Amino acid sequence: MAYPGYNRQPYGGYPGSFPAPPVQDPMWGYFTAIAGQDGEVDAEELQRCLTQTGISGTYNPFSLETCRIMIAMLDRDYTGKMGFNEFKELFAVLNGWKQNFVMVDRDGSGTVEAHELSQCITNMGYRITPQALNCIIKRYSRSGKIYFDDFVACCVKLRSLTDNFRRRDTMHQGMVNFQYDDFILCTMAV
Amino acid sequence: MAYHNQYRPPHFNNAPPDQSFLWNIFQRVDKDRSGAISDTELQQALSNGTWTPFNPVTVRSIISMFDRENKGGVSFNEFAGVWKYITDWQNIFRTYDRDNSGFIDKNELKQALTGFGYRLSDQFYNTLIEKFDRQKRSQVAFDDFIQCCIVLQRLTDVFRRYDTDQDGWIQVSYEQYLSMVFNVV
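Residues numbered from 1 in each chain as written. Chains lettered and ligands numbered in written order. Predicted model: local features only at pLDDT ≥ 70, side-chain atom pairs only at ≥ 80, totals over all residues. Heavy atoms only, no water.

An unreviewed UniProt entry annotates chain B as Programmed cell death protein 6 of Triplophysa rosa.

Per an unreviewed UniProt entry, the recorded name for chain A is Grancalcin, and the organism is Triplophysa rosa.

A.B. asks: Help me out: how do you make sense of the overall build of chain A in this one?
C.D. replies: A count of helices and strands for chain A gives 8 helices and 3 strands. Taken from the N to the C terminus, the helices and strands of chain A come in the order α-α-α-α-β-α-α-β-α-β-α. Buried positions account for 49% of the 190 residues belonging to chain A. Counting only contacts in chain A whose residues sit at least 6 apart along the sequence, the fraction spanning at least 24 positions is 64%. On chain A, roughly 9,100 Å² of surface is accessible, and the fraction owed to carbon and sulfur atoms is 50%. (Helix = DSSP H or I, 4+ residues; strand = E, 2+ residues; numbered from the N terminus. Buried < 20%, exposed > 50% of the residue type's maximum accessible area, 1.4 Å probe, protein only. Contact = heavy atoms within 4.5 Å. Areas by Shrake-Rupley, 256 points an atom, 1.4 Å probe, with all protein chains shown as cover.)

A.B. asks: Would you explain the UniProt feature "domain: EF-hand" (unreviewed entry) in chain B in this entry?
C.D. replies: All names here are of chain B. The positions that UniProt labels "domain: EF-hand" (unreviewed entry) are, in the present scheme, residues 17–52, 84–119 and 150–185. For residues 84–119, the end-to-end C-alpha separation is 27 Å, with 67% helix and 0% strand making up the annotated structure. Note that residues 150–185 is 61% helix and 14% strand, and that its end C-alpha atoms are spaced 10 Å apart. (UniProt positions renumbered as here; feature names shortened; annotations may be inferred.)

A.B. asks: Please explain the nonpolar core as it appears in this structure.
C.D. replies: In summary, soluble globular proteins display a tendency toward joint burial of nonpolar side chains. In this structure, L50 of chain A together with F145 of chain B are the most contacted members of the largest nonpolar core, which totals 114 residues. The leading source of residues in this core is helix α7 (residues 142–162) of chain B, at 11 residues. Among all residues touching F145 of chain B, those that are not within four sequence positions of it are W89, I92, F93, I104, L109, A112, F116 and V140 of chain B. (Core = buried A, V, L, I, M, F, W, Y, C linked by side-chain atoms within 4.5 Å.)

A.B. asks: Please explain the confidence of the model for chain A as it appears in this structure.
C.D. replies: When pLDDT is averaged across chain A, the result is 83; 87% of the residues are at 70 or more. Across residues 5–18 of chain A, where pLDDT falls below 50, the model places 21 contacts with residues more than four positions away in sequence or in other chains. (pLDDT = per-residue confidence, 0-100.)

A.B. asks: Just checking my understanding: could you explain the interface of chain A and chain B for this structure?
C.D. replies: Interfaces are frequently sized by the accessible area removed from exposure as the parts join. With 38 residues of chain A at the interface, the matching set in chain B holds 37 residues. A combined buried area of about 3,400 Å² lies between chain A and chain B, and 69% of that area is made up of carbon and sulfur atoms. When the area that chain A buries against chain B is broken down by residue, the three leading residues are Y180, F183 and M188 of chain A, summing to 23%. Between chain A and chain B we count 0 salt bridges in total. In this structure, the connection of chain A to chain B is made through 11 residue pairs in polar contact (both at pLDDT 80 or more). Elements that contribute at least two residues to the side of chain A that touches chain B include exactly α6 (130–140), α7 (148–168), β3 (175–179) and α8 (180–188) of chain A. Here the element with the most residues in the side of chain A that touches chain B is α8 of chain A; it accounts for 8 residues. (Buried area = accessible area lost by both parts, 1.4 Å probe. Salt bridge = Lys/Arg side-chain N within 4 Å of Asp/Glu carboxyl O. Polar contact = N/O pair within 3.5 Å; in protein donor to acceptor, adjacent residues only side chain to side chain.)

A.B. asks: What exactly am I supposed to notice about the packing of aromatic side chains here?
C.D. replies: When we look at a pair of aromatic rings, we describe it by the centre distance and by the angle of the planes. All told, the structure shown has 30 aromatic pairs over all chains when counted by the stated rule. When the centroid spacing of 6.0 Å and the interplanar angle of 35 degrees are considered together, the rings of F165 of chain A and Y177 of chain B count as tilted. Of this pair, F165 of chain A sits in helix α7 while Y177 of chain B sits in helix α8 (residues 174–182), each in a different chain. Here the two residues F165 of chain A and Y177 of chain B agree in accessibility, since each one is buried. (Phe/Tyr/Trp six-rings, centres within 6.5 Å; stacked < 30°, edge-to-face > 60°.)

A.B. asks: Explain helix α4 (residues 84–104) of chain A to me, please; I cannot follow it from the model alone.
C.D. replies: Spacing of three or four residues puts side chains on the same side of an α-helix, whose turn is 3.6 residues. In a regular helix each residue adds 1.5 Å, so 21 residues correspond to 30 Å; α4 of chain A covers 31 Å between its end C-alpha atoms and thus fits that length. Taken as a whole, α4 of chain A has its buried residues at F84, F87, K88, L90, F91, V93, L94, W97, K98, N100, F101 and V104 of chain A. (Expected span 1.5 Å × (residues − 1).)

A.B. asks: What is the right way to read the UniProt feature "domain: EF-hand" (unreviewed entry) in chain A from this model?
C.D. replies: Residue and element names in this part refer to chain A. On the UniProt side, "domain: EF-hand" (unreviewed entry) is annotated at positions that read residues 62–97 and 101–127 here. Across residues 62–97, helical content stands at 69% and strand content at 0%; the span's end C-alpha atoms are separated by 13 Å. Measuring from the first to the last C-alpha atom of residues 101–127 gives 18 Å, for a span that is 52% helix and 11% strand.

A.B. asks: Help me understand the confidence of the model for chain B, please; the structure alone is not making it clear to me.
C.D. replies: Detailed reading of predicted coordinates is not advised where the pLDDT is low. Looking at chain B as a whole, the pLDDT averages 90, with 92% of positions reaching at least 70. Across the assembled chains, the prediction reports ipTM 0.82 with pTM 0.80.

A.B. asks: Looking at this structure, I do not really get the side chain of E108 of chain B. What am I missing?
C.D. replies: All names here are of chain B. Turning to its location among the elements, E108 is positioned in helix α5 (residues 106–116). Salt bridges are absent for the buried E108, whose nearest opposite-charge side chain, R98, sits at 6.5 Å. Side-chain polar atoms of E108 contact the backbone nitrogen of D99, separated by 3.3 Å. Beyond its immediate sequence surroundings of up to four residues, E108 is in contact with Y96, D97, R98, D99 and F103. (Lys, Arg positive; Asp, Glu negative; His and termini not counted.)

A.B. asks: In this structure, what is going on with the pattern of salt bridges? I would like to understand it.
C.D. replies: Note that side chains of opposite charge can pair when their charged atoms are close. Scanning the entire structure with this criterion turns up 17 salt bridges over all chains. When salt bridges with common partners are traced through the structure, they connect D67, E69, K71 and E78 of chain B into a single cluster.

A.B. asks: Looking at this structure, I do not really get the packing of helix α3 (residues 56–66) of chain B against α7 of chain B. What am I missing?
C.D. replies: Packed helices, taken two at a time, are described by the angle between their axes plus the distance between the axes. Residue and element names in this part refer to chain B. Where α3 contacts α7, the two axes come as close as 9 Å, and the packing angle between them is 55 degrees. Taken as axis vectors, α3 and α7 run oblique relative to one another. Every pair of crossing elements has a handedness; the one defined by α3 and α7 is left-handed. Note on element contacts: α7 touches α3 through D143, I146, Q147, I150 and R154, opposite V57, T58, S61 and M65. Across the contact of α3 with α7, the residue classes tally to 4 nonpolar, 3 polar and 2 charged. (Axes fitted to C-alpha atoms, helices over the stretch in contact; angles between N-to-C directions. Parallel < 35°, antiparallel > 145°, perpendicular 65-115°, else oblique. Left-handed = near helix turned anticlockwise from the far one by under 90°. Nonpolar A, V, L, I, M, F, W, Y, C, P; charged D, E, K, R; others polar.)

A.B. asks: Explain the packing of α4 of chain A against α7 of chain A to me, please; I cannot follow it from the model alone.
C.D. replies: Residue and element names in this part refer to chain A. Axis separation between α4 and α7 bottoms out at 11 Å; the angle between their running directions is 125 degrees. One way to sum up the angle between α4 and α7 is to call them oblique. Between α4 and α7 lies a crossing whose hand is right-handed. Across the interface between the two elements, E89, V93, L94, W97, K98, N100 and F101 of α4 pack against F148, F151, V152, C155, V156 and R159 of α7. For the contact of α4 with α7, the per-class residue count stands at 9 nonpolar, 1 polar and 3 charged.

Quick look at the structure:
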């Protein structure tokens, strides 16, 4: 298939099931401290949560817009908020993407070159035509360089759009029939 | 149910402004007198009614729409188009901001988009507001309203290009889907 599989283990290594978070889980600590009564975080709260976990390392923290699309990526019921299990899933995915980026950003500058972005995308398992890749690169580069936050935004959108497509490609043919309303809805929600 | 040919905000037939009027404005906006209005200069000249900078993404969309030479700015020749475009949007915004709050709330947005020809679900409007409302007031300011309409329009245009028999359905491969959509969303 042209797109990568989704056999990512959720954080904690339990395949497919999400047990109740153990009290010692540091993720749970960060999350509940910020999530409040409803047990869910919005974009601004997610931004604070992620900053606390230090996942960005020496890179700039994620922008609010990137946090918003991260929520959208996992937000099956369109509530605009993220629960704890989704947060853990996100964290695992972010670590993977960060590793990809760090491998390429050897001088630790916080940016990679356009052609290196292509390499990253291919390393993640996406098989995309050069033309599609060019669209993506143009969208995310600033003066020929791609910053970590934009890189993550790109990965989020790639995954969201791929999910949109896969969910409709039930016969695994690599082709989907989109009806207009559905097309607009699922694409705008990304 | 297929979609109609409209999906565009109404065209306002104001008399074209005279050249000296436009030139006056152009000169004031082109602060560095480079002969072209850059993204930054246009952003500084526009107001979204919130005392925060005009959405830079919207500014970029507008400049690229009228910048025929890909120079990253608009010359005086191209500026007339920009002026009309923004004036049209101001009129539309004022039309649909029925309570004159300076913001378009979910119901007003529904009326606006339905007026342009879109048929979208109620829940979708929640998604739209969530996505475009940069002020976090569950309503859209002038710049975010324009941005929302631009994105809807572009996605519709790209869909229409693939829908050659105009039946409201397209068949695309994974790569086509990504290329279609990636430079719009």
